[in-house]
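Structure assessment
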Amino acid sequence: MPDMQRPTLGSASFGLVMGTLAGAALLLLAAPTLVVLVTSFTDGYSLKFPPPSYSLRWYASLIDAWQLQDAALVSLKLGAVVTAVSVVLGTAAALAIGRSRRAWARGLDALFMSPLVLPALAFGLASLVFFSTAGVELSFLTLAIGHIVVSVPYVLRTTLASLAQLDPALLESSESLGAGRLYTFRRVTLPTIRNGIGAGAFIAFMSSFDNIPVSLFMADARNEVLPIRMWQILENSLDVRAAAVSGVLIAVTVLAMVVMERVAGLSRQLR
């Protein structure tokens, strides 16, 4: 066996430069989150980094912040509805597109993915103009429709990735043994793609919960979501409770990602 070549000076320097750039990129991405998280533990009355002293007072104050609680409940309700509908539509679209090689399947794939290509603000404004032209008043329904349109592509993409791992011979064997389509789906297809569906559902929920552009145009006064409420707080008063809410969201998101990684292999479904 030939001796392995030692790393040259050029390859070593390239690795050093790329590693430095990657570390700088990670720092730039993580620094704002860390700053907000540290600031949320301040004992002062203003958003200041570093905090003059540390306390949990602003986390405790969230117990009485009924406006933030109402907005959070609307966001959770909206996320649940959007996730459920997106899973059904995205899974059905993946089953139809993944098994076909015809031009219409490719066209549907591009159509479903188009909301992710358009700028979010442009899509939100276009949705507002569409419903206004149709004479439909803004409500929870219109807000949910807007979120569903931008959430379905996530379920579609992760389900298609899982569906690509399904051996067609398994489907043919099931059919040759007399199993119907529904039974084949429940016992053969669904066990293969369920991790992809779960990963897509998680991403769809997080996308809906954190979607500001669509909510900004599609929400009415009775259905104020949490991101919009936090935006108003920061714009008007710089209330420290907004940082505390951000700390809670960061912790919940990290915990949910860890659970999804253990249960559904989230990182594998996104490859």
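Residues numbered from 1 in each chain as written. Predicted model: local features only at pLDDT ≥ 70, side-chain atom pairs only at ≥ 80, totals over all residues. Heavy atoms only, no water.

With that settled, the discussion passes to the overall build of the protein chain. Regarding its fold elements, the protein chain presents 12 helices and 0 strands. Helices (α) and strands (β) of the protein chain occur, in sequence order from the N terminus, as α-α-α-α-α-α-α-α-α-α-α-α. By the compact-globule yardstick of 18 Å for 271 residues, the protein chain is too spread out, its C-alpha radius of gyration being 23 Å. Expressed as a percentage of the 271 residues in the protein chain, the buried residues total 35%. For the protein chain, contacts bridging at least 24 residues in sequence account for 71% of all contacts bridging at least 6. Roughly 16500 Å² of accessible area belongs to the protein chain as shown, and the carbon and sulfur atoms make up 68% of that amount. (Helix = DSSP H or I, 4+ residues; strand = E, 2+ residues; numbered from the N terminus. Rg over C-alpha atoms; globule rule 2.2 N^0.38 Å. Buried < 20%, exposed > 50% of the residue type's maximum accessible area, 1.4 Å probe, protein only. Contact = heavy atoms within 4.5 Å. Areas by Shrake-Rupley, 256 points an atom, 1.4 Å probe, with all protein chains shown as cover.)

Right, let's get into the pattern of salt bridges. As enumerated under the stated definition, the model contains 2 salt bridges in all. A salt bridge links Arg222 to Asp220; the shortest N-O distance between them is 3.2 Å. (Salt bridge = Lys/Arg side-chain N within 4 Å of Asp/Glu carboxyl O.)

Quick look at the UniProt feature "transmembrane region" (unreviewed entry) in the protein chain now. Mapped onto the present numbering, the UniProt feature "transmembrane region" (unreviewed entry) falls on residues 12–41, 78–98, 110–132, 138–156, 196–218 and 238–260. End-to-end, the C-alpha atoms of residues 78–98 are 29 Å apart, and along that stretch the chain is 100% helix and 0% strand. Secondary structure within residues 138–156 divides into 89% helix and 0% strand; the distance between the first and last C-alpha atoms comes to 27 Å. (UniProt positions renumbered as here; feature names shortened; annotations may be inferred.)

The next point concerns the environment of Ala161. Among the structural elements, Ala161 can be located in helix H6 (residues 140–163). Ala161 sits in the partly exposed class, given a relative accessible area of 27%.

Turning to the nonpolar core, a few remarks are in order. As a rule of thumb, nonpolar side chains are buried together in soluble globular proteins. Judged by nonpolar contacts, the single largest core of 15 residues is most densely connected at Leu78, Leu143, Val214, Met218 and Val225. Contributions of two or more residues to this core are made by helix H3 (66–98), helix H5 (120–133), H6 and helix H9 (213–218). Considering every element that reaches this core, the biggest residue donor is H6, with 6 residues. When sequence neighbours within four positions are dropped, the list of residues in contact with Met218 reads Gly124, Ser127, Leu128, Phe131, Leu138, Ser139, Thr142 and Leu143. Residues Ala72, Met230, Ile233 and Val240 belong to the second largest nonpolar core, which totals 14 residues. (Core = buried A, V, L, I, M, F, W, Y, C linked by side-chain atoms within 4.5 Å.)

The next point concerns the confidence of the model for the protein chain. When pLDDT is averaged across the protein chain, the result is 82; 92% of the residues are at 70 or more. Mean pLDDT across the elements of the protein chain ranges from a minimum in helix H12 (residues 266–269), with 57, to a maximum in H3, with 90. (pLDDT = per-residue confidence, 0-100.)

Before going further, it helps to spend a moment on the side chain of Thr42. Turning to its location among the elements, Thr42 is positioned in the loop between helix H1 (9–39) and helix H2 (57–61). Thr42 has contacts with Pro51, Pro52, Ser53, Ser55, Arg57, Trp58 and Val240, leaving out every residue within four places of it along the chain.

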